[in-house]
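# Structural overview for review
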Amino acid sequence: MAADRRKLELYENLFKQLGPGDHRITIGTIAEHFQCSERHARTLLNQMEAKQWLSWTPLRGRGMKGKLVCLQEPIEACYKEVEQATVEGNYDMAHKLIGFNNRNVASGLKQYLTHATTASEDTIFAPFHRKLSWLHPHHTMERTERHLIHEVFQTLVNVRGTELSGSLAHAWESDDGKTSWVFYLRSGVVFHDQSPVTTNDVVESLKALTLSPYWRALYDHIADITSHTANQIQITLKHPDPHLPKLLSRAEASIMPKQFIYRAESHFKPIGSGPFIVDVSSEKLLRLKRNPNFCGQSALVEHIELWIHKEWAEDKKCAENFFFLSDEQVQYMASTSDIGYFFLLINNRALQNSSFQNSLERLFSDRLDSQIPCDTHVGFCFENNNENRWFSRKLVSALKQQNVTATGTQVVYGHPEPKQDLAIGGIRLEGDRTTSLIAFFKLYPYWQANLTWKQQDHLKHTLSAARSEKDTSKQKQILDALLTWLHKNHVLTIIKSEDLSLSIPSRIRGVEINSIGWCDFSKLWIKQRRIRSH
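In this report, the structure presented in the accompanying data block is examined. Because the structure is a prediction, the values reported are computed rather than measured. (Residues numbered from 1 in each chain as written. Predicted model: local features only at pLDDT ≥ 70, side-chain atom pairs only at ≥ 80, totals over all residues. Heavy atoms only, no water.)

### Examining the nonpolar core
- Of all hydrophobic cores here, the largest spans 95 residues; its most connected members are L156, F183, L206, I235, F441, W447 and F521.
- Take this core: its biggest share by element is six residues, from helix α12 (residues 433-443).
- Apart from the residues lying within four places of it in its own chain, the contact partners of I235 are T179, S180, W181, F183, L206, I222, D224, I225, L244 and L248.
- Core analysis: the next-biggest nonpolar cluster, separate from the first, contains 39 residues, L14, L68, F100 and F125 among them. (Core = buried A, V, L, I, M, F, W, Y, C linked by side-chain atoms within 4.5 Å. Buried < 20%, exposed > 50% of the residue type's maximum accessible area, 1.4 Å probe, protein only. Helix = DSSP H or I, 4+ residues; strand = E, 2+ residues; numbered from the N terminus. Contact = heavy atoms within 4.5 Å.)

### Some details on the side chain of H138
- As for its position among the elements, H138 is in the loop between β4 (123-128) and α7 (143-152).
- Using a relative accessible area of 8% as the deciding quantity, one classes H138 as buried.
- A distance of 3.5 Å separates a polar side-chain atom of H138 from the backbone oxygen of S205.
- A distance of 3.4 Å separates the side chain of H138 from the backbone oxygen of E252, its partner in a polar contact. (Polar contact = N/O pair within 3.5 Å; in protein donor to acceptor, adjacent residues only side chain to side chain.)

### Quick word on the sheet that holds strand β1 (residues 21-25)
- What the three strands build is an open sheet, ordered β1-β3-β2; its pairing is antiparallel. Two strands close off the open sheet at either side, each with one partner strand: β1 and β2 (54-57). Neighbour to neighbour, the strand axes of the sheet diverge by 20 degrees on average, direction disregarded.
- Pairing of β1 with strand β3 (residues 66-70), which is carried by five bridges, proceeds in the antiparallel orientation. Counterpart to H23 in the pairing with β3 is L68. (Pairing = 2+ DSSP bridges. Axes fitted to C-alpha atoms, helices over the stretch in contact; angles between N-to-C directions.)

### Describing the pairing of strand β14 (residues 331-346)
- Where β14 meets strand β18 (residues 492-505), 12 bridges bridge the pair, whose relative direction is antiparallel. Of the residues in β18, the one forming a bridge with F343 is I494.
- Direction of pairing for β14 relative to strand β17 (residues 422-428): antiparallel, over a ladder of seven bridges. What sits directly across from L344, in β17, is I424.

### Overview of the packing of α12 against helix α14 (residues 453-468)
- As a packed pair, α12 and α14 sit with axes 11 Å apart at the nearest point and diverge in direction by 150 degrees. Compared by their axis directions, α12 and α14 come out roughly antiparallel. Where α12 crosses over α14, the handedness of that crossing is left-handed. Of the residues in α14, those in contact with I438, F441 and K442 of α12 are L459, L463 and R467.
- Here the contact of α12 with α14 is composed, by residue class, of four nonpolar, no polar and two charged. (Parallel < 35°, antiparallel > 145°, perpendicular 65-115°, else oblique. Left-handed = near helix turned anticlockwise from the far one by under 90°. Nonpolar A, V, L, I, M, F, W, Y, C, P; charged D, E, K, R; others polar.)

Encoded structure:
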């Protein structure tokens, strides 16, 4: 395949000299363009003719001009080679081919994706700017991976806004005390490898959360998970939770085959029972294929492909060019302002005062009118997204101007560094807002270092009250009051809300941004081109 890239380069060089159409030319002149012997030039012409890039009709006799016809534009020839490479699963070569003759691979891939959809009306393409981590429900932290988990796996229930609906479970019920729950599973559901989804798979997937070093704090009220019949499981709680089904709709509560739950990344396979099967998973491409055996509503397109190139990170704007579909210019917008918040957490108790807190609030809202009241080195961590990197640079620059050093450490969501004066990050509102806030408070690992014993006790009792509150509006009030209390105690500040707008080609329909910041892939569909009559 490396030779094919070189042939593309030679063909383009020849094409640039001659242009499309018929040409009368000697084999000697062609050899000069190819910078090789006449014998090797004949071999190359035969190979290019076999690929239908050109046709070559030689005339007998030395110095005689044969007939050369360039049949394809070089970029079209390239795209056919890329398609063949992807069919063979050679995505590294696809990238190399796109970059023939020193082309920029990132921009070349965008052009290819746009071209590809012209002929492929059953596939939606999206660009992506970084390597995806493994799609294990218990180990994914990034928004995109958690969204993909929902596309590949199923949870017991789904949450959409304030509405609950069945997924693997078709019904559920609890006792009056909300400490004993029974979930009734759909029969006949199969994983992508055609093995049946059993109650053992469900029990073991959920039990693993209670044992997880990261997730167990959120699921610490689960006492036992058992199954006594073929299609139902029972969950016994230590404390009442009227909203347990909402908790079990989260990405980490996805159900997978029990044999994969504890496997290392090198031996894990993302096999779920969701609307899409992972068809290809490489550093260059993630291809999702429609699951024909999905127990819910089948996806409306055959494939979703995420093409990955790191250079896209430099100009990445989630609000633009999210999906590719032909070269049409007409687009529409989809947006949301309800996917989360950016927060500033003051961990150092010496800095937990109103003047320091207020100055940072003004800094991050571009209203800083005086120095930040700090004269010692500040260590902080910030999560790895564009907004938090911007906050980090803003903080370092402001302190530098007053001769105070600051050191920022970039971290993955959910894994802040210990012993930091400040933490800058996000609260994600995935699915249900109140459950998401409880998850943030339960999973942040350093409250003991941040808060006094009295404050820790108040946090613990407030979260317990919120979790056991049946009335959702009262539950919301409890959690909002907790945010206000942390702000008044100069511990936590909500910097801004997180919003998102996507620019979508007009023929892609069904786009509705969800709380994770993506959209339900299974509901996307492509409106066919209008055929014009002549």
